[in-house]
Amino acid sequence: VQLQASGGGLVQAGGSLRLSCAASGIIFSIYNMGWYRQARGKQRELVASITSGGSTNYADRVKGRFTISRDSAKNTVYLQMNSLKPEDTAVYYCRGHNSSSYYQVYWGQGTQVTVSS
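What counts as what
Residues numbered from 1 in each chain as written. Predicted model: local features only at pLDDT ≥ 70, side-chain atom pairs only at ≥ 80, totals over all residues. Heavy atoms only, no water. 1 Å grid on protein atoms, 1.4 Å probe; cavity = no way out; pocket = protein on both sides within 12 Å on 5 of 7 lines; lining within 4 Å. Points joined across faces, edges and corners; volume = space filled by probe spheres on them. Nonpolar A, V, L, I, M, F, W, Y, C, P; charged D, E, K, R; others polar. Phe/Tyr/Trp six-rings, centres within 6.5 Å; stacked < 30°, edge-to-face > 60°. Helix = DSSP H or I, 4+ residues; strand = E, 2+ residues; numbered from the N terminus. Lys NZ or Arg CZ within 6 Å of the ring centre and 35° of its normal. Buried < 20%, exposed > 50% of the residue type's maximum accessible area, 1.4 Å probe, protein only. Pairing = 2+ DSSP bridges.

Colleague: Sorry, what's going on with the layout of surface pockets here?
Modeller: Any space left empty among the atoms is revealed by the rolling of a water-sized probe across them. There is about 220 Å³ of room inside the largest pocket. As for the largest pocket, its lining consists of 14 residues, of which R37, K42, E45, R61 and E87 are closest to the centre. Class assignment of the residues belonging to the lining of the largest pocket gives a composition of three nonpolar, three polar and eight charged.

Below, the structure is given as structure tokens:
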């Protein structure tokens, strides 16, 4: 199983980035997917999630700025991030959770997002 995250980088405040997470080795259509982030010295936190059925959920801090989506044909989940702020700086991780199994949870390797002021 592999979750390959990409798309991070350095961007100025107010800019945009799109993160991608390509999944392999899983039946993507039955997995709930999510994006988490961990800033230096802080705990990992949920940013956004999307169920296998397409329902979405967002952290209050990113509502209206970030959009999570999934493409089952490409086994990929995306996070479109607009109006980025310096406080969005973190390592972003994708996570997959089998909707039919409590124990099948996988994490990607993380991608760094840095927002300069």
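Structure's up, so let's keep going.
Colleague: I keep staring at the packing of aromatic side chains and nothing clicks. Help me out?
Modeller: For any two aromatic rings, the description comes down to two numbers: the centre-to-centre distance and the angle of the planes. All told, the structure shown has three aromatic pairs when counted by the stated rule. Note on Y36 and W107: the rings are 4.9 Å apart at their centroids and 65° apart in plane angle, and the pair reads as edge-to-face. Pair noted here: Y36 is in strand β4 (residues 31-38) and W107 is in strand β10 (residues 105-107), with a separation of 71 residues, a long-range link. Across the ring face of W107, the terminal group of R44 is positioned such that the distance to the ring centre comes to 4.7 Å. The ring of F28 is capped by R70, whose NZ or CZ atom sits 4.5 Å from the centre of that ring.

Colleague: Please explain unusual backbone geometry as it appears in this structure.
Modeller: Peptide bonds are trans in most cases, and residues, glycine excluded, mostly fall at negative phi. Non-glycine residue N75 carries a positive phi angle of around 50°. On the secondary structure map, N75 appears in the loop between β7 (66-71) and β8 (76-81). By relative accessible area, which is 24% here, N75 ends up partly exposed. In this structure, S83 is a non-glycine residue whose phi angle is positive, near 50°.

Colleague: Hey, could you run me through the pairing of strand β11 (residues 111-116) in this one?
Modeller: The side chains of a regular strand alternate, first on one face of the sheet and then on the other. Burial along β11 is one-sided: the face carrying T111, V113 and V115 is buried and the face carrying Q112, T114 and S116 is not. In this structure, strand β2 (residues 9-12) lies alongside β11, joined through four bridges in parallel fashion. In the strand pairing of β11, L10 is matched with T114. Note that strand β9 (residues 90-98) and β11 share three bridges and pair antiparallel.

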